[in-house]
Amino acid sequence: MSRIAFVNGRYLPYAQAAVHIEDRGYQFADGVYEVCEVRGGQLIDERRHMERLARSLRELRISLPMPLPVLGIILRETIERNRVRDGIVYLQVTRGVAKRDHAFPVPETKPSVVAIARSKDRAKGETTAAAGIPVITVPENRWDRVDIKSIGLLPNVLVRQEAREKGAGEAWFVDRDGFVTEGSSSNAWIVTRDKKIITRPADHGILRGITRTVVLDVAKKLGHTIEERPFTVEEALAASEAFVTAATQIVMPVVQIDGKPIGNGHPGLVATSLRAHFYEAAEIAE
Ligand code: PMP
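Here is what the cut-offs are and how they apply
Residues numbered from 1 in each chain as written. Predicted model: local features only at pLDDT ≥ 70, side-chain atom pairs only at ≥ 80, totals over all residues. Heavy atoms only, no water. Domains from an automatic or database assignment. Contact = heavy atoms within 4.5 Å. Buried area = accessible area lost by both parts, 1.4 Å probe. Salt bridge = Lys/Arg side-chain N within 4 Å of Asp/Glu carboxyl O. Polar contact = N/O pair within 3.5 Å; in protein donor to acceptor, adjacent residues only side chain to side chain. Helix = DSSP H or I, 4+ residues; strand = E, 2+ residues; numbered from the N terminus. Nonpolar A, V, L, I, M, F, W, Y, C, P; charged D, E, K, R; others polar. Axes fitted to C-alpha atoms, helices over the stretch in contact; angles between N-to-C directions. Parallel < 35°, antiparallel > 145°, perpendicular 65-115°, else oblique. Left-handed = near helix turned anticlockwise from the far one by under 90°. Pairing = 2+ DSSP bridges. Core = buried A, V, L, I, M, F, W, Y, C linked by side-chain atoms within 4.5 Å. Buried < 20%, exposed > 50% of the residue type's maximum accessible area, 1.4 Å probe, protein only. Near = heavy atom within 4 Å.

Moving on: the domain arrangement of the protein chain. By the assigned domains, the protein chain splits into domain 1 (4–120) and domain 2 (125–280). Here domain 1 and domain 2 have C-alpha centroids that lie 26 Å from each other. Listed per partner, the contact involves 24 residues of domain 1 and 20 residues of domain 2. Interface area lost by domain 1 to domain 2 is led by Tyr33, Arg48 and Arg52, which between them contribute 34%. Counting across the domain 1 and domain 2 interface gives three salt bridges. Glu59 is the partner of Arg145 in a salt bridge, and the nearest nitrogen-oxygen pair spans 2.9 Å. At the boundary of domain 1 with domain 2, the tally comes to eight residue pairs in polar contact (both at pLDDT 80 or more). For the side of domain 1 that touches domain 2, the elements supplying multiple residues, two or more each, are β3 (31–39), α2 (46–60) and β5 (87–94). When the residues that make up the side of domain 1 that touches domain 2 are grouped by side-chain class, the tally is eight nonpolar, six polar and ten charged.

This is the structure:
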């Protein structure tokens with residue numbers, strides 16, 4: 001089946017789906033994005049993703065290209081045209097096309113909007129989760145506004161490649177004080193030996209993951225004790241469990257950090273249970 005992308009108002013076959021070379025996303029990474037999970041043909045947590053998109057745009061002073069419900073219609077249409085039942089939909093908004101100049105273009109410049117949808121094998125995700133993933137740690141070297149979901153992801157790209165080359169599934173950034181901030185495309189969590197769930201507060205040091213918000217809800221409903229505070233790599237190494245969260249992975253157990261096993265070296269019970277109960281707290285669109 002040929003794939004279709006939404007590009008600035010039109011649904012186009014992939015071969016023709018392109019933006020202008022002077023799109024500010026292409027030249028300056030001057031844009032933002034969202035990735036939503038599609039499960040059984042339905043959008044997961046659309047409202048929260050759309051609200052975060054609107055916030056990212058506001059922070060960068062890019063105008064909302066259209067009302068959020070219209071963006072929702074585009075996402076659904078893109079999912080449908082690509083016949084995605086299980087997978088992801090990606091939405092990107094940039095400051096638009098203008099003659100190259102660092103400062104903002106004239107206010108009439110229209111933001112560019114691109115949406116793509118892709119199927120993913122759900123069984124494969126479950127197999128990965130059943131085994132858990134190794135992570136590596138890397139020094140935090142990003143700017144201090146990672147709370148904005150910007151398309152400028154070079155540090156994330158480089159550390160993820162480093163992880164891959166070392167046989168790991170994710171890289172955890174560690175700040176100057178030795179505290180884990182987050183993964184290259186996920187939030188980081190541990191479960192202490194006395195069964196407390198720990199994750200860093202969603203201040204400016206991390207992206208406020210939608211999955212993170214939902215998992216906090218699930219954990220509360222399941223009666224867990226939660227502490228939103230930073231944790232060090234040493235504390236993670238001494239933990240009974242670790243895991244990461246992201247819309248593309250839901251709850252993914254971490255079984256090794258820098259080659260050292262976490263807990264018994266297998267996915268933990270808490271992570272596995274949070275993964276199993278996730279959709280009880282997620283918002284599933286009609
Ligand atoms: N942190 C970063 C840096 C990310 O790229 C992502 C994935 N978008 C997350 C956290 C997790 O966010 P979410 O749960 O909304 O996918």
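When two helices pack together, their arrangement is captured by the angle between the axes and the distance separating the axes. Put simply, α2 and helix α6 (residues 210–221) touch, their axes get as near as 10 Å, and they point 135 degrees apart. The orientation of α2 with respect to α6, classified from their angle, is oblique. Once α2 is placed against α6, the crossing between them reads as right-handed. Facing Arg48, His49 and Arg52 of α2, the residues of α6 in contact are Ile210, Thr213, Val214 and Asp217.

Along the chain, the position of Thr248 falls in the loop between β13 (241–246) and β14 (250–257). Through-space distance from the C-alpha of Thr248 to that of Val218 is 18 Å; in sequence the pair is 30 residues apart. Excluding its chain neighbours within four sequence positions, the residues that come into contact with Thr248 are Val35, Ile88 and Lys120.

This next bit is on the sheet that holds β3. Hydrogen bonding along the main chain pairs the strands of a sheet, whether they run parallel or antiparallel. If you walk across this open sheet you meet the six strands as β2-β1-β6-β5-β3-β4, and the pairing is antiparallel. The open sheet terminates on both sides in strands that have one partner only, identified here as β2 (10–13) and β4 (42–43). Bridge count for β3 against β5 is eight bridges, and the pairing is antiparallel. For Tyr33, the partnering residue across the bridge sits in β5 and is Gln92. Contacts from α2 reach β3, β4 and β5, with the element oriented near 175 degrees to β3.

Before going further, it helps to spend a moment on the nonpolar core. Formed by 24 residues in total, the largest nonpolar core has its most connected members in Val89 and Leu91. Of all elements in the fold, only β3, α2, α3 (68–81), β5 and β6 (112–119) reach the threshold of two or more residues within this core. In this structure Leu91 touches Val32, Tyr33, Glu34, Met50, Leu53, Leu71, Leu75, Val113, Val114 and Ala115, once residues within four positions along its chain are discounted.

Before going further, it helps to examine the site of the ligand. Residues in close proximity to the ligand total 18 residues, the closest being Lys149, Glu182, Ile210, Thr211 and Ala247. Note that an oxygen atom of the ligand is positioned 2.8 Å from one of the backbone N or O atoms of Ile210. Taking Thr211, its side chain carries an N or O atom lying 2.6 Å from an oxygen atom of the ligand. Going through the elements one at a time, α2, β9 (180–183), α6 and β13 are the ones with two or more residues in the shell around the ligand. Here the shell around the ligand is composed, by residue class, of five nonpolar, nine polar and four charged.

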